[in-house]
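Residue-level listing of the chains:
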Amino acid sequence: MTSYDALLLLSFGGPEGPEEVIPFLENVTRGRNIPKERLEEVGEHYFLFGGVSPINQQCRDLKAAIEADFAANGVDLPVYWGNRNWDPYLADTLRQMEEDGIRRAAAFVTSAYSGYSTNDQYLEDIARAREEVPGAPEIDKLPVYADRPGFVEPFVDATKDALSRLPEGARLVFTAHSVPLSQPNQELYAAELHTAAQTVARRAAPGAPWDLVYQSRSGPPSQPWLDPQITDHLEELHGRGVRAVAVVPIGFVSDHMEVRYDLDVEAADLAAELGLAFERAATPATDPRFAALPRHLLEGAS
Ligand SMILES: CC1=C(CCC(=O)O)c2cc3nc(cc4[nH]c(cc5[nH]c(cc1n2)c(C)c5CCC(=O)O)c(CCC(=O)O)c4C)C(CCC(=O)O)=C3C
Ligand SMILES: [Fe+2]
């Protein structure tokens, strides 16, 4: 079926204990001009959850779901997992793959979109890690997948489900991680987000009004980032008489910290203060349709 001899699950990484939080944040923000106050604030989000980001366990679960999908469909490829910012670091994973005799692998990244943070930076991570590891396998990143049924369909169901928990006439609010306007390819990222949100909205609630907003902005206030931020937007909707929102984290594939804190704590608390009914739609996580995506993308790869 393919000329690859392994699949590499490539993700962001996160701390799994209080002592790992600061070193993790230093890894993420090295050379990126993030104010110290913002870092301290984000550190508190992690400490609120015992210093444990949910993202690594979500990757273990996704890896197991992909392995189950491969096994059920006769795909005989081992699955490896490596991260950009935390253990298991990508270079260590490549070292293991080299030892296991892997020569060429396809990478499935836990981000669906084009854009610098979501695609290009992962390509840089792959190139850098390969330079560190003599004899490292060749790695081809699989295509971005925000328009594929395996990504879209779980969001359609999750959006319907969130709406079913709200009064009639709730507004759909799609949200994604903000990035600086100066970032390469941010227009492409925003355009793909718009298309994905529109597809999900049309299928989950035909004719219903919807918005695409951003969250988790971290640069200095002087630097323009993709806007509006979800918190400002909820206030604005409330001011316009909206009384219920279904928030759909279309920019993410699992309920990691940006979802668990920035949406489930920060945005949900604000909505409660405003008296705005708030439901957050689930992310694809280990939905079998999402776990089948690497196999479907491999079928289209050489
Ligand atoms: C587009 C995008 C995604 C979505 C695509 C994808 O999923 O890859 C994403 C995901 C994530 N971002 C994450 C965590 C962080 N991102 C930060 C900082 C930044 N993110 C940015 C963008 C994105 N980030 C940017 C432009 C910055 C500024 C610094 C820089 O230019 O790089 C910081 C620094 C502190 C702060 O937030 O200020 C942290 C801690 C976690 C892990 C969560 C967990 O632990 O569960 C995940 C999945
Ligand atoms: Fe981030």
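Residues numbered from 1 in each chain as written. Chains lettered and ligands numbered in written order. Predicted model: local features only at pLDDT ≥ 70, side-chain atom pairs only at ≥ 80, totals over all residues.

What follows deals with the nonpolar core. Judged by nonpolar contacts, the single largest core of 85 residues is most densely connected at Leu 9, Ala 107, Val 245, Ala 246 and Val 248. Among the elements that line this core, the one with the most residues is helix H7 (residues 186–204), at seven residues. Counting the residues that make up this core, at least three belong to each of domain 1 (6–145 + 287–299) and domain 2 (149–280). When near neighbours in sequence (up to four residues on either side) are disregarded, Leu 9 contacts Cys 59, Leu 62, Lys 63, Ile 66, Val 79, Tyr 80, Trp 81 and Phe 108. (Core = buried A, V, L, I, M, F, W, Y, C linked by C-beta atoms within 7 Å. Buried ≥ 20, exposed ≤ 12 C-beta atoms within 10 Å, placed from the backbone. Helix = DSSP H or I, 4+ residues; strand = E, 2+ residues; numbered from the N terminus. Domains from an automatic or database assignment. Contact = placed C-beta atoms within 7 Å.)

Taking the UniProt record as the reference, the feature "binding site: Fe(2+)" (unreviewed entry) is found at His 177 and Glu 258. Taken together, the annotated residues stretch across 82 residues yet fold into one region, lying no more than 8.1 Å apart by C-alpha. Along the chain, the position of His 177 falls in strand E5 (residues 171–177). The buried category is assigned to His 177, around which 23 C-beta atoms lie within 10 Å. Setting aside chain neighbours within four positions, we find His 177 in contact with Tyr 214, Gln 215, Ser 216, Gly 251 and Glu 258. Along the chain, Glu 258 falls in helix H9 (residues 257–260). (UniProt positions renumbered as here; feature names shortened; annotations may be inferred.)

This brings us to the UniProt feature "binding site: Fe-coproporphyrin III" (unreviewed entry) in the protein chain. Mapped onto the present numbering, the UniProt feature "binding site: Fe-coproporphyrin III" (unreviewed entry) falls on Ser 53 and Tyr 122. With respect to the helices and strands, Ser 53 occurs in the loop between helix H2 (36–48) and helix H3 (55–72). With residues near it in sequence (within four places) discarded, Ser 53 still touches Gly 14, Pro 15, Glu 16, Tyr 46, His 256 and Met 257. Note that Tyr 122 resides in helix H5 (residues 116–132). Looking at Tyr 122, the number of C-beta atoms within 10 Å reads 21, which means it is buried. Once residues within four sequence positions are removed from consideration, Tyr 122 is found in contact with Leu 10, Arg 84, Val 109 and Lys 141.

Once that is clear, we can look at helix H8 (residues 230–239). Three- or four-residue spacings in an α-helix give side chains the same orientation, since the helix completes a turn every 3.6 residues. Every buried residue of H8 is listed here: Ile 230, His 233, Leu 234 and Leu 237. Down the axis of H8, the buried set is contained in an arc of 100 degrees. They therefore lie on one face. At the exit of H8 stands Gly 241, carrying a positive phi of roughly 100 degrees. (Arc of directions from axis to C-beta.)

A few words on the confidence of the model for the protein chain. Confidence in the prediction of the protein chain, expressed as mean pLDDT, is 96, and 99% of residues score 70 or more. This complex was scored by the predictor with a pTM of 0.96 and an ipTM of 0.94. (pLDDT = per-residue confidence, 0-100.)

Attention shifts here to the sheet that holds strand E7 (residues 244–248). Pairing within the open sheet is parallel, and its four strands lie in the order E6-E5-E7-E8. The outermost strands of the open sheet, each flanked by one partner alone, are strand E6 (210–215) and strand E8 (277–280). On average, each strand axis in the sheet is tilted by 25 degrees relative to the strand beside it, whichever way the strands run. Bridging between E5 and E7 involves four bridges; their strand directions are parallel. If you follow Val 173 over to E7, its bridge partner there is Val 247. Where helix H6 (residues 149–164) meets the sheet, it contacts E5, E7 and E8, and its direction lies at approximately 160 degrees from that of E7. Running at roughly 135 degrees to E6, H7 makes contact with E5, E6 and E7 of the sheet. (Pairing = 2+ DSSP bridges. Axes fitted to C-alpha atoms, helices over the stretch in contact; angles between N-to-C directions.)

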